[in-house]
Amino acid sequence: MNLIGHWIESLKDGDFCAPQEIVGFLPQDVRIKLANYLDAGSSNPLDYQLGYSWCRFFCGASGRKMGSTELTDGCWSWPEGLSHYVRAHGIILPEEFV
């Protein structure tokens, strides 16, 4: 399973990046379709976390909006709140996913 949308846990984290590092341009229609696709992922009840995530841009998005589970399309897996980063903060995702 390919992982996307997982962020660093500390400045020493070499496995993941900060979402601020991947802000970029996508045409608005592509951005909307991408965010809707992310929202439509399926979840596994065993993947729920013990609490809600939070926005790493500190924008005040609610925990409910950021979610508490992983979603998947069968090939890729991402945190439930990834669509928020695409819509609200303009992050881009790997070309092979898009």
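What comes next concerns the included structure. These numbers come from a predicted model, not from an experiment. (Residues numbered from 1 in each chain as written. Predicted model: local features only at pLDDT ≥ 70, side-chain atom pairs only at ≥ 80, totals over all residues. Heavy atoms only, no water.)

Let us look at the overall build of the protein chain. A tally of regular secondary structure across the protein chain gives 3 helices and 4 strands. Order of helices (α) and strands (β) in the protein chain, N terminus to C terminus: β-α-β-α-β-β-α. For a compact globule of 98 residues, the expected C-alpha radius of gyration is about 13 Å, and the protein chain comes in at 13 Å, within 12% of that figure. For the protein chain, the spread of C-alpha atoms along the three principal axes comes to 35 × 30 × 25 Å. Counting all 98 residues of the protein chain, 35% fall into the buried class. (Helix = DSSP H or I, 4+ residues; strand = E, 2+ residues; numbered from the N terminus. Rg over C-alpha atoms; globule rule 2.2 N^0.38 Å. Buried < 20%, exposed > 50% of the residue type's maximum accessible area, 1.4 Å probe, protein only.)

Before going further, it helps to examine the packing of aromatic side chains. All chains considered together, the criterion is met by 7 aromatic pairs. One aromatic cluster is present, built from ring pairs that chain together Y37, W76, W78 and F97. If you follow R56 out to its NZ or CZ, it ends over the ring of W54, 4.0 Å from the centre. (Phe/Tyr/Trp six-rings, centres within 6.5 Å; stacked < 30°, edge-to-face > 60°. Lys NZ or Arg CZ within 6 Å of the ring centre and 35° of its normal.)

At a minimum axis distance of 8 Å, the contact between helix α1 (residues 28-39) and helix α3 (residues 82-89) shows a crossing angle of 165 degrees. By the criterion of interaxial angle, the relationship of α1 to α3 is roughly antiparallel. Between α1 and α3 lies a crossing of left-handed hand. Side by side, α1 and α3 meet where R31, L34, A35, N36, L38 and D39 of the first sit next to L82, S83, V86 and R87 of the second. Tallied by class, the residues present in the contact of α1 with α3 amount to 5 nonpolar, 2 polar and 3 charged. (Axes fitted to C-alpha atoms, helices over the stretch in contact; angles between N-to-C directions. Parallel < 35°, antiparallel > 145°, perpendicular 65-115°, else oblique. Left-handed = near helix turned anticlockwise from the far one by under 90°. Contact = heavy atoms within 4.5 Å. Nonpolar A, V, L, I, M, F, W, Y, C, P; charged D, E, K, R; others polar.)

What follows concerns the side chain of D13. As for its placement among the helices and strands, D13 is situated in the loop between β1 (2-3) and α1. Lacking a salt bridge, the buried D13 has R56 as its closest oppositely charged neighbour, with an N-O distance of 9.4 Å. Here E9 takes part through its backbone nitrogen, which lies 3.1 Å from a polar atom of the side chain of D13. Sequence-distant contacts of D13, defined by excluding residues within four places in its chain, comprise W7 and I8. (Lys, Arg positive; Asp, Glu negative; His and termini not counted. Salt bridge = Lys/Arg side-chain N within 4 Å of Asp/Glu carboxyl O. Polar contact = N/O pair within 3.5 Å; in protein donor to acceptor, adjacent residues only side chain to side chain.)

The sheet built from 4 strands is open, its strands ordered β1-β4-β3-β2 with mixed pairing. Of all the strands in the sheet, the pair left with one neighbour each is β1 and β2 (42-43). Examined bridge by bridge, strand β3 (residues 70-72) and strand β4 (residues 76-79) share 3 bridges and lie antiparallel to one another. Within the sheet, the bridge partner assigned to E70 lies in β4 and is P79. (Pairing = 2+ DSSP bridges.)

Along the chain, the position of C55 falls in the loop between β2 and α2 (63-66). Along the sequence, C55 and E95 sit 40 residues apart, while their C-alpha atoms lie 23 Å from each other. Look past the residues within four positions of C55 in its chain and what remains in contact with it is A61, M66, H84, Y85 and H89.

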